[in-house]
Amino acid sequence: MADKIAKRSKFVVVGGGIAGVTCTEQLASQFPSDEIVLLTAAPLIKAVTNFKQVSKTLEDFDVEEQPSSILEEKYPNVKVIQSAVRQLQAKEHKLQMENGEEVHYEKLCLCSGGRPKLFIQDNPHVLGIRDIDSAKEFQKRLSEARRIVVIGNGGIALELVYEVEGCEVIWAVKDKAIGNTFFDAGAAQFLIPTLDTDKPERDAPYKRTRYTTDRAVPPGTSSTDGRVQDQNPKVELGSALGPDWHQGIKLRGVQEVSHSVHVEYQCEVQKIYTPEDFLLSQQARQPSSDPSSDTGLWPVYIQLTNGKTYGCDFIVSATGVRPNSGPFLSGNSFAVADDSGLRVDDHMRTSEPDVYAAGDVCTACWEPSPMWQQMRLWTQARQMGWYAARCMAADLLDEPIELDFCFELFAHMTKFFNYKVVLLGKFNAQGLGQDHDLLMRCTKGREYVKVVMREGHMMGAVLIGETDLEETFENLILNQMDLSAYGVDLLNPSIDIEDYFD
Ligand code: FAD
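Rules used in this analysis
- Residues numbered from 1 in each chain as written.
- Predicted model: local features only at pLDDT ≥ 70, side-chain atom pairs only at ≥ 80, totals over all residues.
- Heavy atoms only, no water.
- UniProt positions renumbered as here; feature names shortened; annotations may be inferred.
- Helix = DSSP H or I, 4+ residues; strand = E, 2+ residues; numbered from the N terminus.
- Buried < 20%, exposed > 50% of the residue type's maximum accessible area, 1.4 Å probe, protein only.
- Contact = heavy atoms within 4.5 Å.
- Phe/Tyr/Trp six-rings, centres within 6.5 Å; stacked < 30°, edge-to-face > 60°.
- Lys NZ or Arg CZ within 6 Å of the ring centre and 35° of its normal.
- Pairing = 2+ DSSP bridges.
- Axes fitted to C-alpha atoms, helices over the stretch in contact; angles between N-to-C directions.
- Polar contact = N/O pair within 3.5 Å; in protein donor to acceptor, adjacent residues only side chain to side chain.
- Domains from an automatic or database assignment.
- Buried area = accessible area lost by both parts, 1.4 Å probe.
- Salt bridge = Lys/Arg side-chain N within 4 Å of Asp/Glu carboxyl O.
- Nonpolar A, V, L, I, M, F, W, Y, C, P; charged D, E, K, R; others polar.
- pLDDT = per-residue confidence, 0-100.

The name given to the protein in an unreviewed UniProt entry is Pyridine nucleotide-disulfide oxidoreductase domain-containing protein 1, and the organism recorded there is Aldrovandia affinis. As recorded by UniProt, the Sequence similarities (unreviewed entry) comment attached to the protein reads in full: "Belongs to the class-I pyridine nucleotide-disulfide oxidoreductase family. PYROXD1 subfamily." The record held by UniProt for the protein lists under Cofactor (unreviewed entry) the comment "FAD".

Below, the structure is given as structure tokens:
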């Protein structure tokens, strides 16, 4: 190991994902004569481009992967060190890096993201998708695949089953409906037919620059007891992919079909078999009459808790992420939330003095606005990174700062199955118990609108398709106007609701 080089900086940020880079940029512009140090494990960083404030709380932006030199050119007071943090010594205000350097800080922001939860570790036939390397490995394996099994029901699984072509997809979800993280059963019903239609051709080639690195693809990981575990903690992770992770990479198997998706509802993984074990288990039992139990030789077999067994080329574990707080815990006394995120208060402060956290690694533990909840999404990573920088600055300058307006209302805009999707407030009646009513309007193949009402006040909304309602509904949720008088007419398509309320 190289001799220890010590570096001192007022502000140090860990993590080159959206949260870390946004935090660094904000600090760099607020303190142009101070050096801001960004420490990151991966050679590429993530930068927000084409940022648009669509409405009061909805934002739209692109994300580019860039070499860190571009950030240093844009902000001459930023210094990026590409090396993982090995240890944090919070009391001494210093970090030990894998490359032997020691970095001292006055204020530190941890933005080390998340790690994929795999339902099984160390199985070469089970793949998690998180960063550009794992997406490439997925693409490579898919190009030779006839059938894959996807486990999980969040955003990654939703995108994946829609994007894959030329390969049979068996999609196992633990819930009664697809996309449970984002949608209710009604929205799922609206989306399901899209899986049986051919994907439209993309109108324009992918426009953004992508940089690649020649790092090795991370190997798989350990344990066979079916518990969800972190991917190999020794692997240095790149940043999490975002909404457009599949753009520009061909996700095609060897079959001559567009979509071929079969959903198995309300089931989880029971067991994984090698072909040999599978044949032995078949011999031990009477030959199965279950049509899903094929006896042709597949590289791997998966038994689901509904009793069905599928052979496939490989399995994708899309079962969410776990905050990557591990590298910083040893020797420190961080308050850690149940989901293993670093607990942060309304100034993004952790329980260790002068250590802040933002993005997927943190768990928001302030009393939230009634219309906001944390979700580990790209938008919130940007907002938290930006706000954390402002809090660090305010604390250093001994200035007051109020919780930013972006935390007033949960607002997320994305695309699923090629439909524009806007989620606002308590869009799935989160935390409202039975104390709510739903209003819904749906035009097959065009739009799905659902609003969550409580005692005549709008609490949340799901808008799928080009509804043009986002701004009006955002206002109605924010101002909590009493809408009782309108009843179900609130969603009457013959009433121009926008004119009414704007
Ligand atoms: P990351 O982007 O994970 O960045 C973490 C950074 O920390 C990395 O640069 C890493 O190299 C660095 N790091 C880690 N450990 C260390 C260490 N010890 N020392 C130094 N550096 C370290 N969100 C959406 O809003 N919409 C979507 O459609 C969507 N799709 C997704 C699809 C996929 C496949 C995935 C994986 C995620 C998706 N997300 C989506 C989630 C979104 O990408 C994340 O919420 C967001 O990128 C988190 O940003 P972050 O900066 O907190 O963390």
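Draft legend 1. Representation of the overall build of the protein within the structure. Tallying secondary structure elements over the protein gives 9 helices and 27 strands in all. The buried share among the 502 residues of the protein stands at 57%. Taking as baseline every contact in the protein between residues at least 6 positions apart, the subset at least 24 positions apart corresponds to 66%.

Draft legend 2. How the structure looks around the packing of aromatic side chains. According to the stated counting rule, one finds 17 aromatic pairs in the structure shown. Seen in terms of ring centroids, Tyr273 and Phe278 are 6.0 Å apart; in terms of plane orientation they differ by 70 degrees. Their pairing is edge-to-face. Assigned by exposure class, Tyr273 and Phe278 land together as buried. For the ring pair Trp366 and Phe407, a centre distance of 5.3 Å and an interplane angle of 75 degrees mean the geometry is edge-to-face. Here Trp366 is found in the loop between strand E22 (362-364) and helix H7 (378-397), whereas its partner Phe407 is found in the loop between H7 and strand E23 (411-416), with 41 residues between them in sequence. Cluster of aromatic residues (ring-pair linked, three or more members): Trp366, Trp372, Tyr387 and Phe407. Taking NZ or CZ as reference, Arg141 lies 5.8 Å from the ring centre of Phe314, over its face. Sitting over the ring of Trp298, Arg146 keeps its end group 4.2 Å from the ring centre.

Draft legend 3. Molecular detail of the sheet that holds strand E16 (residues 300-304). The 3 strands lie next to each other as E15-E16-E17, forming an open sheet whose pairing is antiparallel. Looking at the sheet topology across the chains shown, the edges are occupied by strand E15 (269-273) and strand E17 (309-312). On average, each strand axis in the sheet is inclined to that of its neighbour by 20 degrees, with strand direction left out of account. Note that E15 and E16 share 4 bridges and pair antiparallel. In the sheet register, Val269 faces E16, and the bridge partner there is Leu304.

Draft legend 4. Structural detail: the side chain of Arg441. Structurally, Arg441 can be placed in strand E25 (residues 437-443). A distance of 3.1 Å separates the side chain of Arg441 from the backbone oxygen of Leu491, its partner in a polar contact. Among residues more than four places away in sequence, those in contact with Arg441 are Glu447, Tyr448, Val449, Leu469, Leu491, Asn492 and Pro493.

Draft legend 5. Main features of unusual backbone geometry. The backbone phi angle of Ser340 is positive, close to 70 degrees, even though this residue is not glycine. With respect to the helices, strands and loops of the structure, Ser340 is situated in the loop between strand E19 (321-323) and strand E20 (342-344). For Gln480, which is not a glycine, the phi torsion comes out positive at approximately 50 degrees. Looking at the element boundaries, Gln480 is found in the loop between helix H8 (470-479) and helix H9 (497-501). Overall, the relative accessible area of 26% leaves Gln480 in the partly exposed class.

Draft legend 6. Layout of the pairing of strand E26 (residues 447-454). Of all 8 residues in E26, 7 are buried, a share of seventy percent or more. Bridge count for E25 against E26 is 7 bridges, and the pairing is antiparallel. The residue of E26 that forms the bridge with Met440 is Lys450. Remark: 3 residues form the turn of the hairpin made by E25 and E26, two consecutive strands paired antiparallel; Gly445 in that turn has positive phi of roughly 75 degrees.

Draft legend 7. Focus on the sheet that holds strand E27 (residues 457-464). Strands sit in the order E23-E24-E27-E26-E25 across an open sheet of 5 strands; the sheet is antiparallel. Of all the strands in the sheet, just E23 and E25 have a single pairing partner and so form its edges. Direction aside, neighbouring strands of the sheet carry axes that sit 15 degrees apart on average. Note that E26 and E27 share 7 bridges and pair antiparallel. Considered in E27, the bridge of Tyr448 is made with Ile464.

Draft legend 8. Representation of the domain arrangement of the protein within the structure. Parsing the protein into structural domains produces domain 1 (6-113 + 324-405), domain 2 (116-208 + 247-317) and domain 3 (418-501). Across the boundary between the two partners, domain 2 contributes 12 residues, which contact 16 residues of domain 3. Summing both sides of the interface, domain 2 and domain 3 together bury roughly 1000 Å²; the carbon and sulfur share of this comes to 68%. At the surface where domain 2 touches domain 3, the tally comes to 1 salt bridge. Lys450 is paired through a salt bridge with Asp184; the nearest N and O atoms lie 3.2 Å apart. In this structure, the connection of domain 2 to domain 3 is made through 3 residue pairs in polar contact (both at pLDDT 80 or more). Among the residues making up the side of domain 2 that touches domain 3, the classes are represented as 7 nonpolar, 4 polar and 1 charged.

Draft legend 9. Representation of the UniProt feature "domain: FAD/NAD(P)-binding" (unreviewed entry) in the protein in the model. With numbering matched to this structure, UniProt assigns "domain: FAD/NAD(P)-binding" (unreviewed entry) to residues 10-163 and 302-385. Helix and strand shares over residues 10-163 are 26% and 42% respectively, and the end C-alpha atoms of the span are 45 Å apart. Segment residues 302-385 splits into 10% helix and 27% strand. End C-alpha atoms: 40 Å apart.

Draft legend 10. Spatial organisation of the confidence of the model for the protein. Residue-level pLDDT values for the protein average 86, and 85% of them are 70 or greater. Here residues 203-235 is modelled with pLDDT under 50, and outside its nearest four sequence neighbours on either side it reaches 74 contacts, counting other chains as well. Both confidence scores are given for the complex: pTM 0.86, ipTM 0.98.

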